[in-house]
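# Survey of secondary and tertiary structure
Each chain is listed here by its residues.
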Amino acid sequence: MFWRGVLGYLPVNIAQGVVGLLTIVLFTQILSPAEYGIYALAFSVLSLTQTAFLTWTEAAMARFLARADEDGRLPDHFATLYRLWILMALAIPVVAALALRFWPMPPALKVAVAAAFAAAAVKSLAKMSQERRRAAGEVSGAALLDVIQTVGGFALGLVLALVGLGGAAPILGTGAVALLCVVFVLPTDLRRLKGGIFDKAMAKAYAAYGLPVAFSLILALVLSTTDRFLLAAFLDESAVGDYHAGYSLGSRTLDVVFIWLGMAGGPAMVAALERGGRPALEDSAREQADFMVLLTLPAAVGLALVARPLTEVMIGPALREGAAGVTPWIAASGWLSGVTTYYLLQAFTLGRRTTMLSACMAIPAGANLALNLILIPRFGLSGALWATTASYALGAIAAGVLGRRACALPIPWPTLARTGLACALMAAVVLALPDVGGLIELILKAGLGAATFGGAALLLDAGGARARLAVLTRRFRTA
């Protein structure tokens, strides 16, 4: 199931990667640093709103669909979840009205924040449909829905930015395309409620599972967005723009890979546990962990090594200098975050110990808030970077230690060691190359770095690289 998902979600991965890079390239050119900062703040509001109110129903849809199907209670499952969703969604307009009334902000930011509140609800409805398809193994349907939202939201947001809607444009584009998707998919999904009833016992079980998941995700967002709000408070929106540009380049590049693996890996581990028990789960988890490290660790190290020429090519002139110093730190933070979110924290959902998940996420979130309050006033943007990296490292340690109490997952130490050594050899080669600047330097360092890592990984057989290459070669020859 894992490899079927990996291949099936590859178009999503490609679309997200291309759109993620184009978002950075084009919006940093079109928007001013202040407008880009407004976009970053509004995007944070959107993410926090959806996570705080609605994500727990999305999580319950994914986790309990297989069990409801086994029990022959799918209509009750859908009826219960959608009623819970409506109940939670009613709170969003109230919170939006209070925020817009009492949060002092310039008119441009107010428009973007209002759009963010509205977009949160429609994005969540689309996510419910996508999670249903993903949990049911309908890879193509889930992938298509994701690609349409990703590409369509970006395209419409770009048009709106070009006509002068500023920092609100990307949010408005995202929300409008999500709404269009909901118009098409919701009627089909609602027909699945036919004959179903709201079940209080189901609702209680879903809340007991989902609310701690949502709280942990809120803490994760606090961990990833607090620095933006504090930079705006202590400095200004332009500083937020510099930070978000470098942050997006560093984290988004890695997020695309981690999300791709997570879309396939999460359902595969749930299915393995439900159908094959603990031995099947360990086999599935070990395979995923090896592949994740082999794919993502060199990506993070390589990103840090080519940060300056990459920002010269990708980021607009007004944001380029600040972003160049941000990207290497965020590459490290992004890797720690991805491994924690898409592997280590799965132990709590697999073991249904989601209360422990919340406690685990509280550790780095609290540390991040405290460190940002201490470091940003003294060191500015650099303080935010140090705080973020340190907090994600603490979060990975906490997840690894506490996760073993919920559902111990294998840690691929041999793969980490061999992949790390291959990355060190890659770094030695890249650092020895001249700094000629721009696209030429980027191509030279990225190309030689990738070739060095590939050769070293095969020589060391990191993560079973030789066997994986042999499988790909056989498939290519028989294709």
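The structure displayed is predicted, hence computed values, not measured ones.

### Quick word on the overall build of the protein
Counting secondary structure elements, the protein contains 19 helices and zero strands. Whereas a compact globule of 479 residues would reach a radius of gyration of roughly 23 Å, the protein reaches 22 Å, a difference of no more than 12%. By principal-axis analysis of the C-alpha atoms, the protein measures approximately 70 × 55 × 45 Å. Scored against the burial criterion, the 479 residues of the protein give a buried share of 54%. Across the protein, every contact between residues at least 6 apart in sequence was considered, and the portion connecting residues at least 24 apart equals 81%. Accessible surface, the protein as shown: approximately 20100 Å² in total, 69% of it carbon and sulfur. For the protein, the distance from the average site of its 36 positive side-chain charges to the average site of its 26 negative ones is 6 Å.

### A look at the domain arrangement of the protein
Per the domain assignment, the segments of the protein are domain 1 (1–221) and domain 2 (237–478). Here the C-alpha centre of domain 2 lies 23 Å away from the C-alpha centre of domain 1.

### Observations regarding unusual backbone geometry
Of note, D461 is a non-glycine position whose phi angle comes to about 55°, a positive value. Inspection of the secondary structure puts D461 in the loop between helix 18 (438–460) and helix 19 (465–478). What makes D461 partly exposed here is its relative accessible area of 22%.

### Here we look at the packing of aromatic side chains
Using the criterion set out here, one finds eight aromatic pairs in the structure. Look at Y36 and Y39: their rings are 5.6 Å apart centre to centre, the planes differ by 65°, and that puts the pair in the edge-to-face class. One end of the pair, Y36, and the other, Y39, are both in helix 3 (residues 33–53), three residues apart, so they sit about a helical turn from each other. This pair shows no difference in class: Y36 is buried, exactly as Y39 is.

### Brief notes about the environment of C407
Along the chain, C407 falls in helix 16 (residues 381–407). Distance in space between the C-alpha atoms of C407 and L350 is 6.7 Å, their sequence separation being 57 residues. Here C407 is in contact with R278, L281, A347, L350 and G351, once residues within four sequence places are set aside.

### Some words on the nonpolar core
I171, Y243 and W335 are the most contacted members of the largest nonpolar core, which totals 127 residues. Considering each element in turn, this core owes the most residues, 22 residues, to helix 11 (residues 237–305). Built from parts of two domains, this core gets at least three residues from each of domain 1 (1–221) and domain 2 (237–478).

### Some details on the pattern of salt bridges
What the rule picks out here adds up to nine salt bridges. One salt bridge in this structure joins D435 and K445, with 2.7 Å as the shortest N-O distance. Of this pair, D435 sits in the loop between helix 17 (413–431) and helix 18 while K445 sits in helix 18, placing them ten residues apart in sequence. By relative accessible area, which is 66% here, D435 ends up exposed. By relative accessible area, which is 6% here, K445 ends up buried. A salt bridge links K445 to E441; the shortest N-O distance between them is 2.7 Å.

### Some points on helix 16
Compared with an ideal rise of 1.5 Å per residue, which puts 27 residues at 39 Å, helix 16 spans 38 Å between its outermost C-alpha atoms and is within 8% of the ideal. The sharpest bend along helix 16 measures roughly 25° and falls at V401.

### Topic: helix 5 (residues 74–89)
For helix 5, with 16 residues, the first-to-last C-alpha span of 22 Å sits near the 22 Å given by 1.5 Å per residue. Every buried residue of helix 5 is accounted for by D76, H77, F78, A79, T80, L81, Y82, L84, W85 and A89.

### Section: the environment of A272
For A272, the position within the fold is in helix 11. Assessed through its relative accessible area of 14%, A272 is described here as buried. For A272 and A398, which are 126 residues apart along the polypeptide, the C-alpha to C-alpha distance reads 25 Å. Apart from the residues within four sequence positions on either side, A272 is in contact with G277, A280, L281 and S284.

### Some thoughts on the environment of I330
The topology assignment puts I330 in helix 13 (residues 317–344). Looking at I330, the relative accessible area reads 0%, which means it is buried. Along the primary structure I330 and W386 are separated by 56 residues, whereas in three dimensions their C-alpha atoms are 9.5 Å apart.

### Describing a nonpolar patch on the surface
On the surface, L156, V159, L162, V163, L165 and L172 cluster together into a nonpolar patch covering about 520 Å² of accessible area. Top contributing element to the nonpolar patch by residue count: helix 8 (residues 139–162), with three residues. Its location among the elements puts V163 in the loop between helix 8 and helix 9 (169–190).

### A look at the packing of helix 10 (residues 200–234) against helix 15 (residues 354–379)
At a minimum axis distance of 8 Å, the contact between helix 10 and helix 15 shows a crossing angle of 5°. When the axis of helix 10 is compared with that of helix 15, the two are roughly parallel. When the residues that make up the contact of helix 10 with helix 15 are grouped by side-chain class, the tally is 21 nonpolar, seven polar and one charged.

The rules behind these values
Residue indices begin from 1 for each chain and proceed along its sequence in written order. A pLDDT threshold of at least 70 governs which residues receive local features in this predicted model, and a stricter bar of 80 or more applies before side-chain atom pairs are shown or counted, although totals over entire chains, interfaces and linings include all residues. Working from all heavy atoms in the structure, the side-chain values ignore hydrogens and water. Put simply, DSSP marks the helices as runs of H or I at least four residues long and the strands as runs of E at least two long, and each gets a number from the N terminus on. Radius of gyration here is computed from C-alpha atoms only, and the compact-globule reference equals 2.2 Å multiplied by the residue count raised to the power 0.38. For each residue, the accessible area found with a 1.4 Å probe, counting protein chains only, is set against the maximum for its type, and the residue is called buried under 20%, exposed over 50%, and partly exposed in between. Contact definition: two residues touch when any of their heavy atoms are within 4.5 Å. A 1.4 Å probe and the Shrake-Rupley method give the accessible areas. Residues count as covered only by the protein chains that appear here. In this count, Lys and Arg are taken as positive residues and Asp and Glu as negative ones, while His and the chain termini are left out. Note on charges: their place is set at NZ of Lys, CZ of Arg, CG of Asp or CD of Glu. Domain extents, as shown, originate in an automatic or database domain assignment. By convention, a stacked pair of Phe, Tyr or Trp rings (six-membered ring in the case of Trp) has centres within 6.5 Å and planes under 30 degrees apart, an edge-to-face pair has planes over 60 apart, and any other such pair is tilted. Take the buried Ala, Val, Leu, Ile, Met, Phe, Trp, Tyr and Cys residues and link them wherever side-chain atoms come within 4.5 Å; each set so joined is a nonpolar core. Every case where a carboxyl oxygen of Asp or Glu lies within 4 Å of a side-chain nitrogen of Lys or Arg is listed as a salt bridge. Here, expected helix span is obtained from the residue count minus one, scaled by 1.5 Å. In this scheme, the bend at a residue equals the angle between the axes fitted to the seven residues that finish there and the seven that begin there. To count toward a patch, a residue needs a relative accessible area above 30% and no salt bridge. Like charges then connect within 9 Å, nonpolar side chains (Val, Leu, Ile, Met, Phe, Trp, Tyr) within 5 Å. Note on geometry: axes are C-alpha line fits, over the in-contact stretch for helices, and angles between N-to-C directions span 0 to 180 degrees. Throughout this description, any angle smaller than 35 degrees is read as roughly parallel, any larger than 145 degrees as roughly antiparallel, any in the 65 to 115 degree range as roughly perpendicular, and the remainder as oblique. Amino acid classes used here: Ala, Val, Leu, Ile, Met, Phe, Trp, Tyr, Cys and Pro are nonpolar; Asp, Glu, Lys and Arg are charged; the rest, including Gly, are polar.

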